[in-house]
Amino acid sequence: MTNRLAKSQSLYLRKHAENPVDWWPWSEEALETARREDKPIFLSIGYSSCHWCTVMEGEAFSDEKIAQYLNEKFLPIKVDREERPDVDSIYMQALQMLTGQGGWPLNIFLTPDDLTPFVGGTYFPVEPRYGRPGFLEVLQKIRGFYDIEKNKLNDLKSEMLEGLRKSVLLPEAEDLSQEILQKGLEVSTAIISDRYSQQSFPMIPYGQAALQGTRFNFESEYDGNQICLQRGLHLSLGGIYDHVAGGFHRYTVDATWTVPHFEKMLYDNGQIVEYLANLWSAGHQEPAFKRGIIGTINWLKREMTAPDGFFYASQDADSFTTPDEAEPEEGAFYIWNYQELENLLTSEELSELSEQFFIVSSGNFEGKIVLQRKQVGELSEAVENSLSKLFELRYGAKPFSVKTFPAATNNQEAKNNNWPARIPAVTDTKMIVAWNSLMISGLARAATVFNNSEYLELAINAANFIIKNQWVNGRFHRLNYEGKPAVMAQSEDYALFIKALLDLQQASINSSNTNFWLDTAVKLQDEFDEFLWSLEASGYYNSPSDVSGELILRERNYIDNATPAANGIAVANLVRLSLLTEELYYLDQAESALTAFSSIMKKSPQACPSLFIALEWYRNQTLVRTSQAEISSLITEYFSTTIYKVEADLPKNSVGLVCQGLICKKPSLNKQELLEHLEQSQNRWAK
């Protein structure tokens, strides 16, 4: 028997459809029912490729005794954080205030009258273990507290509400100086340095901020160039990269970048492609970077691109080894045992593979092998042939013959399909605008740097799908399920798609449709401003004014997590729009938003690298007006806060004009002089 979630479009919610828990989706009906029946709300938030979310679904949420107590004493609500990041953001912050830490699954208890959180946690086992109490015991204690300790509950509610409301009130420091920018870029560089040995997440917003900081010659204890290069090497050589079939896993569970948490997320891969392309264009032309980009885009085309042109959201960490298994196994699709390698490869092939990769018979992950490279440079033809054999062992055919690989959209499809080799992980096939936008930006940058029209075509197809399908009655929408748009767009969808459109405009600067991308960006920016801009405080709210009524407060996202903060991206977009349209109100708006967040930039620079990227755009914005003949070589270089315009009407005998904000330098009479002016503009510290 199924519950209400069986009708959901979300893969994550449908995974809970056969639980005995009487789940509700987040809705006004659910909230009103909890208020009417005076039941505390049990809010559980996760996402489809979350390993411990899957574990808890199969354990606690499938337990009849736990489900009976939950149904009688609470109103259980399930939320897919990928559908409603605004709901997730509020209650993740609350969980961190309650417990000092966060993560998914996010399980939190709310009072029904005002949705105030009062107890929370992450994974709860059925029986006491891992130093955690059993879930039924937790539920009984919480219900007892709710019924008996009303005074304590009210005090806790008041404290929590005050803390949450204070978190959205940011004093304006009005400090947008050279010093605060330098501090922010240095902090980002420090965070991705090897001194922070446990940082095994990609952390691309920090990497991008650090890379932009390498242009400046300020005194620092950190070698920014070397640190940015090292981050690219960790990604491209480590076990976080799928060396057999391309694509980057979510993160590694160790400090040596060896053993990944195996899910593949579109948002990570889009950001990493852009970062590696920027490293290449900045002069770090390491072959492993190019191989990582090529492999990831091949994975994207083969497994993550819908027939309509958009990109799927993610692939699970877990997969089945046989159709008879009750539960999938983490990493099963990606790992190898030593005997497999011995049976598949000749002794010479295995020996050469072992020279390039860390391979031992005892394995490096639960007796199995995760491939991790030992050194930089090109892989030999023999090693590439061996990796091709491993690809065939996993997919059932050679890489060149597998143009598309069908997605298993749920566990039953994974187990019941007649796969040619291994059973693949489940793919979440929904379209998320923000995540597609990150990949569009990555493809656009890679297309420019490597002069690859196929990459650009992939990006254009995805962007066109969004433009044609995600506006309903004049409003932009976040998700698409099988051709049907859903859920009003949030700030990250607006900000990241506007960035993607501007990236496409620059990548297509010599084509006839470059104005189309700019015009669409302007249209979307107008809608963004109308429904999400804060007139009182400046900056952008997480969700639109007409759909946030059920939330206990409206947040303005400025903290970078796995994806960059919406307000940081949005401010950089405003500066770029001011350069492209020559409309100064965009620049005024950027300054207003930066001022609104300046106190947090000064107090907690480690929280907001994207805001420092935006501040760098604001302070060092550069516009290059040049000819069609010159533009192709310029845009492949790494000038991170530069916008290009192709113009026929240049000053006499000049090849271009470099403008620093509102001031233009003298016309450049040749290519060398143009590059010198551009270099000077990108390295200035405006006073």
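As recorded in an unreviewed UniProt entry, the protein goes by Thioredoxin domain-containing protein and comes from Okeania hirsuta.

(A) Summary view of the overall build of the protein. When its secondary structure is counted, the protein shows 25 helices and 20 strands. For the protein, the C-alpha radius of gyration of 26 Å lies close to 26 Å, the compact-globule estimate for 687 residues. Reported as C-alpha extents along the three principal axes, the dimensions of the protein are approximately 85 × 70 × 50 Å. The burial tally for the protein puts 62% of its 687 residues in the buried class. Long-range pairs, those at least 24 residues apart, make up 67% of the contacts in the protein with a sequence separation of at least 6. Roughly 26,800 Å² of accessible area belongs to the protein as shown, and the carbon and sulfur atoms make up 48% of that amount. The centroid of the 62 positive side-chain charges in the protein is displaced by 1 Å from the centroid of its 91 negative side-chain charges.

(B) Examining the layout of surface pockets more closely. Reported here for the second largest pocket is a volume of approximately 670 Å³. Along its surface, the second largest pocket is lined by 29 residues, and R14, K15, E57, N411 and Q412 are the ones closest to its centre. It is helix α3 (residues 51–58) that provides the largest number of residues to the lining of the second largest pocket, a total of four residues. Residues that form the lining of the second largest pocket fall into these classes: 10 nonpolar, 11 polar and eight charged. Looking at which domains feed residues into the lining of the second largest pocket, each of domain 1 (4–168) and domain 2 (178–425) supplies at least three.

(C) A look at the pattern of salt bridges. Following the criterion strictly, the structure yields 37 salt bridges and no others. One salt bridge connects R302 with E303, and the closest N-O pair in it is separated by 2.8 Å. For the residue pair R302 and E303, the accessibility class agrees, reading buried in each case. By sharing partners, the salt bridges in this structure join D80, E82, D428 and K430 into a single network.

(D) Spotlight on the state of the cysteines. Tallied over the full model, the rule gives two disulfides. Across the disulfide from C50 sits C53; the S-S distance is 2.3 Å. Since a negative S-S torsion denotes a left-handed disulfide, the C50-C53 link at about 80° is right-handed. The residues C50 and C53 share a single accessibility class, namely buried.

(E) Here's a closer look at the sheet that holds strand β2 (residues 41–46). Reading across from one edge, β1-β3-β2-β4-β5 is the order of the five strands in this open sheet, with mixed pairing throughout. Looking at strand neighbours, the two that pair on one side only are β1 (24–25) and β5 (117–121), the edges of this open sheet. Where β2 meets strand β3 (residues 75–80), six bridges bridge the pair, whose relative direction is parallel. Residue pairing in the sheet places I45 in a bridge with V79 of β3.

(F) Structural detail: the pairing of strand β19 (residues 656–660). The buried fraction of β19 amounts to four of the five residues, a majority that puts the element mostly inside the structure. In the sheet, strand β17 (residues 622–626) pairs with β19 via five bridges, with the strands oriented antiparallel. Looking at the pairing, L623 lines up with C659 of β19. Where β19 folds back on strand β20 (residues 663–664), the antiparallel hairpin that results is connected by two residues, among which G661 adopts a positive phi of roughly 65°.

(G) The arrangement of the sheet that holds strand β12 (residues 427–428) in detail. As summarised here, the arrangement of the three strands in space is β8-β9-β12, forming an open sheet in which the pairing is antiparallel. With partners counted over all chains shown, the strands left at the sheet margins are β8 (264–265) and β12, one partner each. The sheet contact formed by strand β9 (residues 314–315) and β12 spans two bridges and is antiparallel. By the bridge assignment for β12, S314 is matched with D428.

(H) Highlighting helix α25 (residues 671–682). With 12 residues, α25 extends 16 Å between its outermost C-alpha atoms, agreeing within 8% with the 16 Å of an ideal straight helix rising 1.5 Å per residue. By the burial criterion, the buried members of α25 are E673, L674, H677, L678, S681 and Q682. Contact partners of the buried residues in α25: α23 (609–620), β17, α24 (628–634), β18 (642–646) and β19. N-capping of α25 is provided by N670, with a side-chain oxygen placed 3.2 Å from the backbone N of Q672.

(I) Up close: a nonpolar patch on the surface. Residues L584, L662 and I663 make up a contiguous nonpolar surface patch of about 340 Å² in total accessible area. If you trace the backbone, I663 turns up in strand β20.

(J) Spatial organisation of the side chain of K415. With respect to the helices, strands and loops of the structure, K415 is situated in helix α16 (residues 411–416). Of the side chains with opposite charge, D324 comes closest to the buried, unpaired K415, at an N-O distance of 7.5 Å. The contact partners of K415, leaving out residues within four places of it in the chain, are F320, P323, E325 and A326.

(K) Quick peek at the packing of helix α11 (residues 266–281) against helix α17 (residues 433–450). For the pair α11 and α17, interaxial distance at closest approach is 7 Å and the crossing angle is 25°. Of the possible angle classes, the one that applies to α11 and α17 is roughly parallel. At the point where α11 passes α17, the crossing takes the left-handed sense. Between α11 and α17, the residues in contact are L266, Y267, N269, G270, Q271, V273, E274, A277, N278, W280 and S281 and W435, N436, L438, M439, S441, G442, L443, R445, A446, V449 and F450, respectively. For the contact of α11 with α17, the class distribution of residues is 12 nonpolar, eight polar and two charged.

(L) Region of the structure containing empty space enclosed by the protein. If you walk through the whole model with that rule in mind, you get three cavities of 30 Å³ or more. The computed volume of the largest cavity comes to approximately 700 Å³. Around the largest cavity, the lining comprises 35 residues; the ones closest to its centre are E274, N278, K499, D503 and R576. Among the secondary structure elements, those contributing two or more residues to the lining of the largest cavity are α9 (204–213), α11, α17, α19 (491–507), α21 (566–581), α23 and β18. Across the lining of the largest cavity, the residue classes tally to 17 nonpolar, 12 polar and six charged. The volume enclosed by the second largest cavity comes to roughly 90 Å³. Lining the second largest cavity are 14 residues, and of these Y241, D242, Y334, V370 and L371 sit closest to its centre. Counted by class, the lining of the second largest cavity contains nine nonpolar, three polar and two charged residues.

What counts, and at which threshold
Residues numbered from 1 in each chain as written. Predicted model: local features only at pLDDT ≥ 70, side-chain atom pairs only at ≥ 80, totals over all residues. Heavy atoms only, no water. Helix = DSSP H or I, 4+ residues; strand = E, 2+ residues; numbered from the N terminus. Rg over C-alpha atoms; globule rule 2.2 N^0.38 Å. Buried < 20%, exposed > 50% of the residue type's maximum accessible area, 1.4 Å probe, protein only. Contact = heavy atoms within 4.5 Å. Areas by Shrake-Rupley, 256 points an atom, 1.4 Å probe, with all protein chains shown as cover. Lys, Arg positive; Asp, Glu negative; His and termini not counted. Charge placed at Lys NZ, Arg CZ, Asp CG, Glu CD. 1 Å grid on protein atoms, 1.4 Å probe; cavity = no way out; pocket = protein on both sides within 12 Å on 5 of 7 lines; lining within 4 Å. Points joined across faces, edges and corners; volume = space filled by probe spheres on them. Nonpolar A, V, L, I, M, F, W, Y, C, P; charged D, E, K, R; others polar. Domains from an automatic or database assignment. Salt bridge = Lys/Arg side-chain N within 4 Å of Asp/Glu carboxyl O. Disulfide = S-S within 2.5 Å. Pairing = 2+ DSSP bridges. Expected span 1.5 Å × (residues − 1). Polar contact = N/O pair within 3.5 Å; in protein donor to acceptor, adjacent residues only side chain to side chain. Patch = residues over 30% accessible without salt bridge, like charges linked within 9 Å, V, L, I, M, F, W, Y side chains within 5 Å. Axes fitted to C-alpha atoms, helices over the stretch in contact; angles between N-to-C directions. Parallel < 35°, antiparallel > 145°, perpendicular 65-115°, else oblique. Left-handed = near helix turned anticlockwise from the far one by under 90°.

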